[in-house]
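Notes for the structure review
In case you want the letters, here they are:
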Amino acid sequence: MSAGGVPGADNAHAHALPPVDLHSAMATTGGDVDLRHHGDADTAPGLVDFAVNVRPGTPPSWLAQRIAASVGDLAAYPDPGPARRAVAHRHGRSADEVLLTAGAAEAFVLLARVLRPRRAVVVHPQFTEPEAALRAAGHEVDRAILPPDFTLDPDAVPPEADLVMVGNPTNPTSVLHPAATLAELARPGRVLVVDEAFADCVPGEPESLCTRDDLPGLVVVRSLTKTWGLAGLRAGYLLAPPDLVRLLADAQPLWSVSTPALVATVACSSPPALAEADAWARGLAEHRADLARRLDEIGVAVTPGASASFLLVRVPHAERLRAALLEQKIAVRRGDTFPGLGADWLRVAVRDTENNARLVRALAELL
Ligand SMILES: Cc1ncc(COP(=O)(O)O)c(C=O)c1O
């Protein structure tokens, strides 16, 4: 089924409302795991937070000031034009290939509501909202589970899949897939959604597909949440072929992205902001390598090839360890709610040298 030349998309009006039954209540449990469990549930005020992957010390004051100044304009309805053009310019795309969204999360919901895949495949382990959104929209979802070390094997995705969702770099594995391998997954008749919410953790973003307007059916989803500390603002966007952008925009609630979020989107697309993000990513790489080495020294198995702001580690009895860390006021992210992982996995955010050392000391004592 297709509409407007977009694979997997259909006319939204052709669909009956879903029946109200237990299916909707079960939809986001994913059967075996709670797809709606996120890192914020694993932390609390007063804890040293290794559970949530937002850049510490954010939003930076220059950005907070820009957002605060936009409050004076709240009487007017939001105008997405400037932010759309700023994002397009940043990625070398045209404005009609950009849809601004209330965070990456809204992009997943819009895709799930507009597309009508015959076979949707989510590559796991990964952030669970894409699968939750698909299920909530009534779709069946198949999982392509990558085994440790979680490198992407295009053969893991069935050829008949007409919607494929994958993260890069991936949460929670921190693995960065090569752009060329991801590109192999794109083909006519398929929508390939690449979640790049953590792409700006990688200096220069060499594996990003944001500029690839040549790949059929490619949708790249981006978020301002992590690098800019804007989880509460809800700002993100997607890049896609213009016909798909139009379909998604038609399904989006009017004025979905607020004026402060639009102001932040313009600000974070500017050359100084990109330079700031790049400098942070370079420092992050050093802290990450240091934390990985220290964990390795105390016998904690770290998933290799980490490229994002967190590490995925494997330790026996991870849940007991997590509880013991909580007693020491240290919060880490449980791993067992990610399809493809189990009771032996934890995700830890990369922090500064002092806090990383504190985590390693606590782990060393407990292990
Ligand atoms: C991989 C990934 N993508 C997307 C999101 C959601 O981002 P946003 O806050 O922009 O909705 C998250 C949040 O945890 C994430 O980890």
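Fair warning: this is a prediction, and the values are worked out from it, not measured in the lab. (Residues numbered from 1 in each chain as written. Predicted model: local features only at pLDDT ≥ 70, side-chain atom pairs only at ≥ 80, totals over all residues. Heavy atoms only, no water.)

Some thoughts on the domain arrangement of the chain
What the domain assignment lists for the chain is domain 1 (39-57 + 274-366) and domain 2 (58-272). Centre-to-centre separation of domain 1 and domain 2, based on C-alpha positions: 24 Å. Each side of the interface is counted separately: domain 1 has 31 residues, and domain 2 has 39 residues. Counting each side, the surface lost to burial between domain 1 and domain 2 is near 2700 Å², with a carbon and sulfur contribution of 63%. (Domains from an automatic or database assignment. Contact = heavy atoms within 4.5 Å. Buried area = accessible area lost by both parts, 1.4 Å probe.)

Some details on the nonpolar core
With 42 residues, the main nonpolar core has Leu-63, Leu-100, Val-123, Leu-192, Leu-209, Leu-224 and Trp-228 as its most contacted residues. Setting aside residues up to four positions removed in sequence, Leu-224 forms contacts with Gly-229, Leu-230, Ala-235, Gly-236, Tyr-237, Ala-264, Thr-265 and Cys-268. (Core = buried A, V, L, I, M, F, W, Y, C linked by side-chain atoms within 4.5 Å. Buried < 20%, exposed > 50% of the residue type's maximum accessible area, 1.4 Å probe, protein only.)

Quick word on the environment of Arg-351
Looking at where Arg-351 falls in the secondary structure, it is placed in the loop between strand S14 (345-349) and helix H12 (353-366). In this structure Arg-351 comes out as buried when scored by relative accessible area, which is 12%. Spatially, the C-alpha atoms of Arg-351 and Leu-110 are 33 Å apart, while their sequence positions differ by 241 residues. Setting aside anything within four residues of it in sequence, one finds Arg-351 in contact with Asp-49, Phe-50, Val-52, Val-54, Pro-56, His-287 and Asn-356. A distance of 2.7 Å separates a polar atom in the side chain of Arg-351 from the backbone oxygen of Asp-49. A polar side-chain atom of Arg-351 sits 3.4 Å from the main-chain carbonyl oxygen of Val-54. (Helix = DSSP H or I, 4+ residues; strand = E, 2+ residues; numbered from the N terminus. Polar contact = N/O pair within 3.5 Å; in protein donor to acceptor, adjacent residues only side chain to side chain.)

Here we look at the side chain of Ser-309
Along the polypeptide, Ser-309 turns up in the loop between strand S11 (301-302) and strand S12 (310-314). Note on Ser-309: relative accessible area 5%, which makes it buried. Setting aside residues no more than four positions away along its own chain, Ser-309 makes contact with Asn-53, Phe-198, Cys-201, Trp-280, Leu-284, Ala-349 and Val-350.

Examining the packing of aromatic side chains
Applying the stated criterion across every chain, the model contains 5 aromatic pairs. Taking 5.8 Å as the distance between ring centres and 75 degrees as the angle between the ring planes, the aromatic pair formed by Trp-62 and Trp-228 counts as edge-to-face. Of this pair, Trp-62 sits in helix H2 (residues 61-69) while Trp-228 sits in helix H7 (residues 225-228), placing them 166 residues apart in sequence. The exposure class of Trp-62 is partly exposed, given its relative accessible area of 29%. For Trp-228, a relative accessible area of 3% puts it in the buried group. When the centroid spacing of 5.0 Å and the interplanar angle of 80 degrees are considered together, the rings of Phe-198 and Phe-310 count as edge-to-face. Separated by 112 residues along the polypeptide, Phe-198 in the loop between strand S8 (191-195) and strand S9 (218-223) and Phe-310 in strand S12 bring together distant segments of the chain. With respect to burial, Phe-198 and Phe-310 carry one shared label: buried. Positioned above the aromatic ring of Trp-228 is the side chain of Arg-55, whose terminal nitrogen or guanidinium carbon lies 5.1 Å from the ring centre. (Phe/Tyr/Trp six-rings, centres within 6.5 Å; stacked < 30°, edge-to-face > 60°. Lys NZ or Arg CZ within 6 Å of the ring centre and 35° of its normal.)

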